[in-house]
Amino acid sequence: MRPPERLHAEIRSRIIHGEYPAGHRLTEEKLAGQYRVSRMSVREALRVLAAEGFVTVRPYFGTFVAEMTAKEAGDLIEVQGALESLAAGLAAGRRTTEHLAQLNVIVGRGRVAAREGRAEDGAALHSQFHAVLAAASGNDSLSDLVTQLRDKLAWAYSAQVRRPLGDSWDEHAEIVATIERGDSARAVEVAKSHIQRGRTAQRGSAGEPSQR
């Protein structure tokens, strides 16, 4: 039997990647059968997902997958832009050789995933990249904020942003290169430009299912 936190994570992942689309009704009975867990476990998972904003509960009608709107996605990407540029600037002066090695490995794996069309693996690697970048900033509060936003941002990009799969990995590689050179000002600008390209892609594809 799946632990409650794993059940919650699996349902959330399916929402993020569009397997449970906006408006899809999630019933305790069907989910309990699908995941082979108790209805109580499903009820608790749905409660957490509702608190996170991934589902909405309509009294007397049921629980439904929420919609990641263009406005919400845009707001999240704006916040990401501020956090990522701050993280990149700080990381240029505080990163360790281990951080650099991790970032370069993630970029390499991301490029392979993009070439092979593995969008879901690519999305997971994107999240890892931003988490390591935040860790390299040496600011624990910043890392915590990035972690809190991770799943919502993945959902925003999956639902509202359309970019070529390998496009952003070149930008990630440039961010790493500026951090490795210790060029804080340039790292900030490159990170801002990277997020702005995502924001521009979001404006051009609002409302369309897409891949980050």
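Not measured: the values here are computed from a predicted model. (Residues numbered from 1 in each chain as written. Predicted model: local features only at pLDDT ≥ 70, side-chain atom pairs only at ≥ 80, totals over all residues. Heavy atoms only, no water.)

A. Seen up close, the overall build of the chain. Helices and strands together make up the secondary structure of the chain, namely 9 helices and 3 strands. In the chain, the succession of α and β elements from N to C terminus is α-β-α-α-β-β-α-α-α-α-α-α. Taking 17 Å as the expected radius of gyration for a compact globule of 212 residues, we find that the chain reaches 18 Å, a close match to that expectation. For the chain, the C-alpha atoms occupy an extent of roughly 55 × 35 × 35 Å along the three principal directions. Taking all 212 residues of the chain together, 45% fall into the buried category. Counting only contacts in the chain whose residues sit at least 6 apart along the sequence, the fraction spanning at least 24 positions is 76%. Taken as a whole, the chain presents about 10800 Å² of accessible surface, with 51% of it coming from carbon and sulfur. Positive and negative side-chain charges of the chain, numbering 29 and 27 respectively, have mean locations separated by a distance of 3 Å. (Helix = DSSP H or I, 4+ residues; strand = E, 2+ residues; numbered from the N terminus. Rg over C-alpha atoms; globule rule 2.2 N^0.38 Å. Buried < 20%, exposed > 50% of the residue type's maximum accessible area, 1.4 Å probe, protein only. Contact = heavy atoms within 4.5 Å. Areas by Shrake-Rupley, 256 points an atom, 1.4 Å probe, with all protein chains shown as cover. Lys, Arg positive; Asp, Glu negative; His and termini not counted. Charge placed at Lys NZ, Arg CZ, Asp CG, Glu CD.)

B. Representation of the pattern of salt bridges. If you walk through the whole model with that rule in mind, you get 15 salt bridges. A salt bridge links K152 to E72; the shortest N-O distance between them is 3.4 Å. Here E72 lies in helix α4 (residues 70–94) and K152 lies in helix α7 (residues 140–160), a separation of 80 residues in the sequence. Taking the relative accessible area as the measure of exposure, K152 reaches 17% and is therefore buried. On the basis of relative accessible area, E72 is assigned to the partly exposed category, the value being 26%. Salt-bridge contacts for R197 lead to E171; the nearest nitrogen and oxygen are separated by 3.6 Å. Here R197, found in helix α9 (residues 184–205), pairs with E171, found in helix α8 (residues 167–181); they are 26 residues apart in sequence, far enough to count as distant. Taking relative accessible area as the criterion, R197 reaches 41% and is therefore assigned partly exposed. (Salt bridge = Lys/Arg side-chain N within 4 Å of Asp/Glu carboxyl O.)

C. Structural detail: the layout of surface pockets. A volume near 260 Å³ is recorded for the second largest pocket. I16, A124, S127, R150 and D151 are, among the 13 residues lining the second largest pocket, the residues nearest its centre. Put simply, the parts of the chain that give the lining of the second largest pocket at least two residues each are α1 (4–16), α6 (119–136) and α7. In terms of residue count, α6 provides more of the lining of the second largest pocket than any other element does, 5 residues in total. Grouping the constituent residues of the lining of the second largest pocket by class yields 6 nonpolar, 4 polar and 3 charged. (1 Å grid on protein atoms, 1.4 Å probe; cavity = no way out; pocket = protein on both sides within 12 Å on 5 of 7 lines; lining within 4 Å. Points joined across faces, edges and corners; volume = space filled by probe spheres on them. Nonpolar A, V, L, I, M, F, W, Y, C, P; charged D, E, K, R; others polar.)

D. Quick look at the side chain of H8. Of note, H8 is situated in helix α1. A distance of 3.0 Å separates polar atoms of two side chains, one belonging to H8 and the other to E52. Those residues within four positions of H8 in sequence are excluded, and the remaining contacts are A45, V48, L49 and E52. (Polar contact = N/O pair within 3.5 Å; in protein donor to acceptor, adjacent residues only side chain to side chain.)

E. Up close: the packing of α4 against α7. Close contact between α4 and α7 brings their axes to 9 Å; oriented N to C, the two are set at 135°. By the angle class used here, α4 and α7 are oblique. α4 and α7 meet at a crossing whose hand is left-handed. Here α4 contributes A70, E72, A73, L76, I77, V79, Q80, L83, L86, A87 and L90 to the contact with α7, which in turn contributes L142, L145, L149, K152, L153, A156, Y157 and Q160. Looking at the contact of α4 with α7 residue by residue, the class counts come to 15 nonpolar, 2 polar and 2 charged. (Axes fitted to C-alpha atoms, helices over the stretch in contact; angles between N-to-C directions. Parallel < 35°, antiparallel > 145°, perpendicular 65-115°, else oblique. Left-handed = near helix turned anticlockwise from the far one by under 90°.)

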